[in-house]
Amino acid sequence: MAKEKKKASKHGNSNAYIFAAILLFVVTVTNMFQTSYLYGNVRKVNDQTGDTMNCINQIRGQLSNINETMLMLIGQIGVPAENAAKMGAYFGQMTEQINRFENFDTISDTTRHRFAYAKTFISGYQDSINLLREKFMETSSLGQEIAEEQAKEHPDYQLIQSNAAKISELNSEMDDMYTQDIYPMQVTASEMLIATIELNSADAAEKGAALVKVFIFVEALMVGVLILGEVAIFIIARYAKKARLELEERERNLQEVGARLKSTRQKASDLAVTNILTGMKNRYALDSDISERLESDRFNIAVFDMDNFRIINDTYGYDFGDEYLVAIAEKLKQEFSESAEIYNISGNEFCFVFNREITESQVMGIIQNIQAIMSSPFTVLNLTVQLTVSGAFYHYLPGDCLNLNSLLVKLDTTMRNAKMNGGNMINTVVNM
Amino acid sequence: MNKMKRKGILSRIALCAVSLTMVASVSACGKSDADNSNGKIAVITKSDKVSFWSEVQKGSQDACDEYGYEMLYYAASGDNDYASQQEYINDAIKQEVEAIVIAPNDPKELNESFKKAEAAGIKIININSRADYDGVSSLIASSDSDAGKVAARNAYKLLMAANNAENGAGGSSPVSKIAIIGHTAATADERVNSFKDDFAERLGNYIDKQRTAMMQAQAAQAQAAAAEGGDSSESGDASSAGGPPAGVTTGGDASAAGGDSSQASGMKQRAEGETAAMISQFFIEGERCSTIDAAYEEAKLLINENPDIRIMYGTNTNTTLGICKAVEELDLGSNVIVVGFNSDESELKYIRSGILDGTVIQNPYTMGYISIKYAKDVAAGKGVATKLDTGVTWIDASNLNQDLVQALLYPEKIGG
């Protein structure tokens, strides 16, 4: 279970970072697109508004030009043919602009409706102006007739008179037409066109506002997402931290337990290979130390046994015997640890496996020493005791024995021999 | 338990974030202009029974819709009801309108109310006729004198056409009587007077022309008779004496005539004076009427007293309808030329049936529309023209179905 939790927290951690990265990416990209979209559209709306306004203002300008030219025509200012041509041109341009306006696809229905109304007046104005122009042309040609007639030698005064009358009639008609019909129409058309511009601007403002609305909405959404994301990350991070702390603590506990286990195991294994009483390595230790060396190694090994140790136990009790052995073991450890590995392979039997560097002659000397010390008096629990000791020595050669048992048997047999011969002697194992 | 707690906090924070978002978007929403967000404008007209004012209402309503204002519409009961209009102005002030667009039923009686409105910061626009008050920002109307002139011009044309059809030539007295029934509002005077002046001028010119032509013909005859017994060179002089235009009607510059000028000009002036006097006798003005029935009765009265009436002229919807009713009843449609004002559906019916020979229409829809446009401009502090002439148009059976006329009569048809 600890393992699962560990996995989860680790995923939680990296999940949070992945999540944060994705969130940042999404928010940034959305913002980029939003801004460019908004900018593009607002610009488009502005451009279109500018275009339509420009279009309508041109129409108004042409209306005004036509009006001015008409007045010039009537007032006989400038060259009539020129003026007439100019008027034609203005009409053409105006029609062009009207068509252009109607072809814009960004105009709202209301604006279009208002423009259609204005257009009706512009058409009426156009028709009236054309009528006026016709009348003017008539006066022109009548006047020309008069001039031609007057240039003649015998002018036809009837004709001149009637032409003149007609001209003045036409003049007053044109006058009336202009003030009563045409001028108000132009004014109305102009007002309606201004209204169209205003409506279009209002439309554009609305569109702009709508765009901004959408922008703000998405921005707010992004902010919401961001906040959510941040909060989520925060929470996940806290969770991850807690989990990590928990994990660390568990690991520490585990380590402690492990260490304790190790030391216990060590102790246990130590216990297995240690003689409880003397604290010396026991037979199992010897087994494990030596078994590998039997096949290929040569070494000097000696075993010493207290003679008649039973007497001590019987006379002074097992506790005393134990203490006595402990004292001996201590002494042996003291004296001979540097020269050999000492094993307490059974109650009062001590085994010495001499270090490699000790030569055989030295060994002979040492084992004499061992015998001497082991059989010296020991004071234990305010009593002094002394026992003799028997020993067996083996100069082991590689492959002599297959296992420790057979080695010990050899040594034991040699030892028994020594004991049967009264003890207090060291025999050497002879290989048969 | 930790997990549940976590979930709890998370969901609470999620809720916060979402509601924050919604608040932000809604607050942005709030700025959108709803239909009536710019304020209110009051429109007060003269009557709710006449289609003219309904058209004004339509124009104002369209403008208010387009510009985002709420329209408060009031109509008095008739041309003389200024008392109701005073009430309406007070109501408008209470409702805190931005501007009042009003067709005043009296030039002076509303001034007190106007002062109150001005004190409240409300702008005043007049339509159709002007109140005698300084604080009026603008007048949107059609020119009444133009209207009278257009009526006269066309009535004259119709008269000439009818005469030519009947007699071939006019003779020196082409018309006997012209009856005029005006309405009671202030606009009637101009319409009547300008009609009379214009018609009199045309008729006068015509009569003078005829007279001069006759004199010339007589002179030529005399010359020809003299020439038969005399020198051909004299006839040449005589004809040149009769030559250069004496018939030029622009004020009759008698000095243009060669030869015996002083006598000719004196005669001419005397003739002109006679003409004017004669013409002024042709016009018969009835009582001013405000309702169709009153006009009808008056028309019948006039016809009874003057059976030789050739032209009848009404100066607004009701007078025109009254005259038409009388003419129809007395079956005088083919004898009497009726010209009138405005384009009520009943009037259009009379046009189609031939009783009403033509009317002068103003442009009530445009009047209503532009008055609102000007009102909102003035309320916003922009300057506007002090007068806008929305113009008049003559309609009769011949142009009734033209685009422009249809647009003027039925503005809602435009633009599809």
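Look up a bit, the structure's there.
Notes on the structure in this doc start here. Since we're looking at a predicted model, the values are computed, not measured. (Residues numbered from 1 in each chain as written. Chains lettered and ligands numbered in written order. Predicted model: local features only at pLDDT ≥ 70, side-chain atom pairs only at ≥ 80, totals over all residues. Heavy atoms only, no water.)

### So, the sheet that holds strand β4 (residues 123-127) of chain B
Residues and elements named next belong to chain B. Here we have 6 strands laid out as an open sheet, ordered β2-β1-β3-β4-β5-β11, and parallel in their pairing. Unpaired on one side and paired on the other, β2 (70-75) and β11 (387-389) mark the two borders of the sheet. For this sheet, the mean inter-axis angle between neighbouring strands, taken without regard to orientation, is 15°. Across 4 bridges, strand β3 (residues 99-102) lies against β4 in parallel orientation. Note that in β4 the partner of A99 across the bridge is K123. Contacts from helix α12 (residues 364-379) reach β1 (40-45), β3, β4, β5 (136-141) and β11 within the one sheet, and its direction differs from that of β4 by about 160°. (Pairing = 2+ DSSP bridges. Helix = DSSP H or I, 4+ residues; strand = E, 2+ residues; numbered from the N terminus. Axes fitted to C-alpha atoms, helices over the stretch in contact; angles between N-to-C directions. Contact = heavy atoms within 4.5 Å.)

### Some thoughts on the side chain of K135 of chain A
Inspection of the secondary structure assignment puts K135 of chain A in helix α3 (residues 109-151). When neighbours within four sequence positions are excluded, K135 of chain A is seen to be in contact with L170, E173, M174 and M177 of chain A.

### Quick word on the side chain of E349 of chain A
Its location among the elements puts E349 of chain A in strand β3 (residues 349-354). Setting aside anything within four residues of it in sequence, one finds E349 of chain A in contact with V303, F304, D305, Y343, N344 and D412 of chain A.

### Here we look at the pairing of β1 of chain B
All names here are of chain B. Across the 6 residues that make up β1, a large majority, 5, are buried. Pairing of β1 with β2, which is carried by 6 bridges, proceeds in the parallel orientation. In the strand pairing of β2, T45 is matched with A75. Considered for its hand, the β-α-β crossover made up of β1, helix α2 (residues 51-67) and β2 is right-handed. Across 4 bridges, the pairing between β1 and β3 is parallel. Across the sheet, I41 pairs through a bridge with A99, a residue of β3. (Buried < 20%, exposed > 50% of the residue type's maximum accessible area, 1.4 Å probe, protein only. Right-handed = clockwise from strand over helix to strand, strands pointing away.)

### Here we look at the packing of aromatic side chains
When we look at a pair of aromatic rings, we describe it by the centre distance and by the angle of the planes. Residues and elements named next belong to chain B. Scanning the entire structure with this criterion turns up 22 aromatic pairs over all chains. With centroids separated by 5.0 Å and ring planes inclined at 20°, the aromatic side chains of Y74 and Y88 adopt a geometry described as stacked. With Y74 in strand β2 and Y88 in helix α3 (residues 82-94), this pair connects stretches of sequence that are 14 residues apart. With a relative accessible area of 11%, Y74 lands in the buried category. For the ring pair F114 and Y133, a centre distance of 5.4 Å and an interplane angle of 40° mean the geometry is tilted. Of the two residues, F114 sits in helix α4 (residues 111-119) while Y133 sits in the loop between β4 and β5, which places them 19 residues apart along the sequence. Assigned by exposure class, F114 and Y133 land together as buried. Here the aromatic cluster, defined as three or more aromatic residues joined through ring pairs, consists of Y156, F195, F199, F283, Y313 and F341. We note K325 situated over the ring of Y296; from NZ or CZ to the ring centre the distance is 4.6 Å. (Phe/Tyr/Trp six-rings, centres within 6.5 Å; stacked < 30°, edge-to-face > 60°. Lys NZ or Arg CZ within 6 Å of the ring centre and 35° of its normal.)

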